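Given next are the chains, with one letter for each unit.
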Amino acid sequence: MIETLMNMDTSMIIWIQEHMRADWLNPVFILITTLGDGGMIWIIGSAALLISKKTRQVGIMCLVALTLSYLVNNLMLKNLVGRARPFEAISSIIPLIPRPADSSFPSGHSAASFASAWLMFRKLPKKFGIPALVLAVLIAFSRLYIGVHYPSDVIAGILSGIMLGYLAEMILNLKGHYKS
């Protein structure tokens, strides 16, 4: 079962590299992935939500979700799993950015993106939530395109981000501060 998953992961990342990469798209996806570095675009967006009283609770939820995502994904899971990056295991994978030094599983960019974007999508007017979700999808896909994650890393990051977004909401609701 695990071997089948690993073979699918390898096949998909190689297919993306061979069939989707284009010289004119490379700078676009490098920019998109850079927006997710350190969760910075989501931290800035969440901080901006703190300004207005109408969006403050969503901003707080997003910041709590981002903190949980960092703790769970970047500090715990990456170190526990220790999965090698695709470019370390597959010689034909050439990353388009400097090689990250941490482990591959799960994708921290995907987790942070979905921890915030999923909350924004659910809690804000759709004119804000839909673009946030689209950006999260693009950041997650960019990790495959630039060759630094396997598809299962990205899927795990997305699912983790969504779950931690819900957890942040539950924690704040349990404290009685932010009933939805």
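Our structure's up above, just so we're on the same page.
Sequence order as written defines the numbering, with residues in each chain counted from 1. Whole-chain, interface and lining totals are the exception, using all residues; otherwise, since this is a predicted model, local features are given only for residues with pLDDT of at least 70 and side-chain atom pairs are given and counted only at 80 or more. Heavy atoms from the whole structure form the basis of all side-chain values; hydrogens and water molecules are not counted.

Comments concerning unusual backbone geometry
Here comes step 1: For the bond from Phe105 to Pro106, the omega torsion is -10°, close enough to zero to count as cis.
Here comes step 2: Secondary structure counts use DSSP, requiring at least four H or I residues in a row for a helix and at least two E residues in a row for a strand, with both numbered from the N terminus. Inspection of the secondary structure puts Pro106 in the loop between helix H5 (86-89) and helix H6 (108-123).

Comments concerning a nonpolar patch on the surface
Here comes step 1: Nonpolar side chains (Val, Leu, Ile, Met, Phe, Trp, Tyr) within 5 Å and like charges within 9 Å form the patches, drawn only from residues with over 30% relative accessible area and no salt bridge. To be clear on the numbers: accessible area is Shrake-Rupley with a 1.4 Å probe, and residue cover counts the displayed protein chains and nothing else. Only one rule defines a salt bridge in this text: a Lys or Arg side-chain nitrogen within 4 Å of an Asp or Glu carboxyl oxygen. A grouping of Tyr70, Leu71, Leu75, Met76, Leu80 and Val81 is seen on the molecular surface, where their side chains present a nonpolar patch of about 590 Å² in accessible area.
Here comes step 2: Its place among the elements puts Tyr70 in helix H4 (residues 56-81).

Focus on helix H2 (residues 26-35)
Here comes step 1: Within H2, the full set of buried residues consists of Asn26, Phe29, Ile32 and Thr33. Seen along its axis, H2 keeps its buried residues to an arc of 130°; they face one direction. Opposite the packed face of H2, turned more than 90 degrees from it, sit the exposed residues Pro27 and Leu31.
Here comes step 2: Only heavy atoms matter for contacts: two residues are in contact if any of them lie within 4.5 Å across the pair. If you follow the buried residues of H2, they end up packed against H6 and helix H7 (126-145). The classification of residues rests on relative accessible area computed with a 1.4 Å probe and restricted to protein chains. Under 20% of the type maximum is buried, over 50% is exposed, and intermediate values are partly exposed. Within this analysis, the arc is defined by the directions that extend from the helix axis to the C-beta atoms.

With respect to the environment of Ala132
Here comes step 1: Structurally, Ala132 can be placed in helix H7.
Here comes step 2: Separated by 77 residues in sequence, Ala132 and Thr55 have C-alpha atoms that sit 15 Å apart.

Re the packing of aromatic side chains
Here comes step 1: Each Phe, Tyr or Trp ring (for Trp, its six-membered ring) is paired with any other whose centre lies within 6.5 Å, and the angle between the two planes then decides the class: stacked below 30 degrees, edge-to-face above 60, tilted in between. Taken as a whole, this structure holds 4 aromatic pairs when the rule is applied.
Here comes step 2: Ring geometry for Phe29 against Phe141: centres 5.4 Å apart, planes inclined by 70°, an arrangement best described as edge-to-face. Taken together, the residues Phe29 in helix H2 and Phe141 in helix H7 connect sequence positions 112 residues apart.
Here comes step 3: Take Phe29: its relative accessible area is 9%, and that puts it in the buried class.
Here comes step 4: Linked through ring pairs, Phe29, Phe141 and Tyr145 together constitute an aromatic cluster.
Here comes step 5: Geometrically, a lysine NZ or arginine CZ counts as sitting over a ring once it is within 6 Å of the ring centre and also within 35 degrees of the ring normal. Above the plane of the ring of Phe121 lies Lys126, whose end atom (NZ or CZ) is 4.2 Å from the centre.

Some details on the side chain of Ser113
Here comes step 1: Relative to the helices and strands, Ser113 is located in helix H6.
Here comes step 2: Beyond its immediate chain neighbours, meaning those up to four positions away, Ser113 contacts Trp42, Trp118, Ala136 and Ile139.

What to know about the environment of Gly39
Here comes step 1: Topologically, Gly39 is positioned in the loop between H2 and helix H3 (40-49).
Here comes step 2: Spatially, the C-alpha atom of Gly39 lies 9.3 Å from that of Ser116, the residues being 77 residues apart in sequence.

Focus: the nonpolar core
Here comes step 1: As used here, the term nonpolar core means buried Ala, Val, Leu, Ile, Met, Phe, Trp, Tyr and Cys residues forming a set that is joined through side-chain atoms within 4.5 Å. Ranked by size, the top nonpolar core spans 41 residues in total, and within it Ile13, Phe29, Trp42, Phe114, Ala117, Met120 and Ile146 carry the most contacts.
Here comes step 2: When contributions to this core are tallied by element, the ones reaching two or more residues are helix H1 (2-19), H2, H3, H4, H6, H7 and helix H8 (151-174).
Here comes step 3: Examining the composition of this core, we find that 8 residues originate from one element, H7, more than from any other.
Here comes step 4: Residues within four places of Ile13 in sequence aside, it is in contact with Pro86, Ile90, Ile93, Leu144, His149, Tyr150 and Pro151.

Some words on the layout of surface pockets
Here comes step 1: By volume, the largest pocket is sized at about 380 Å³.
Here comes step 2: Cavities and pockets were defined on a 1 Å grid built over protein atoms only: a cavity is a set of grid points that admits a 1.4 Å probe from which the probe cannot escape, a pocket is an open set flanked by protein on both sides within 12 Å along at least five of seven lines, and lining residues are those with an atom within 4 Å of any such point. Lining the largest pocket are 23 residues, and of these Gly36, Gly38, Gly39, Asn74 and His109 lie nearest its centre.
Here comes step 3: Contributing elements (two or more residues each) for the lining of the largest pocket: H2, H4 and H6.
Here comes step 4: Classification convention: Asp, Glu, Lys, Arg as charged; Ala, Val, Leu, Ile, Met, Phe, Trp, Tyr, Cys, Pro as nonpolar; all other residues, Gly among them, as polar. Broken down by class, the residue content of the lining of the largest pocket amounts to 7 nonpolar, 11 polar and 5 charged.
Here comes step 5: Grid points are joined across faces, edges and corners, and a volume is the space filled by probe spheres set on the points. Roughly 240 Å³ of internal volume is contained in the second largest pocket.
Here comes step 6: What lines the second largest pocket is Ile41, Trp42, Gly45, Leu49, Thr55, Met120, Leu124, Pro125, Phe128, Pro131, Ala132 and Leu135.

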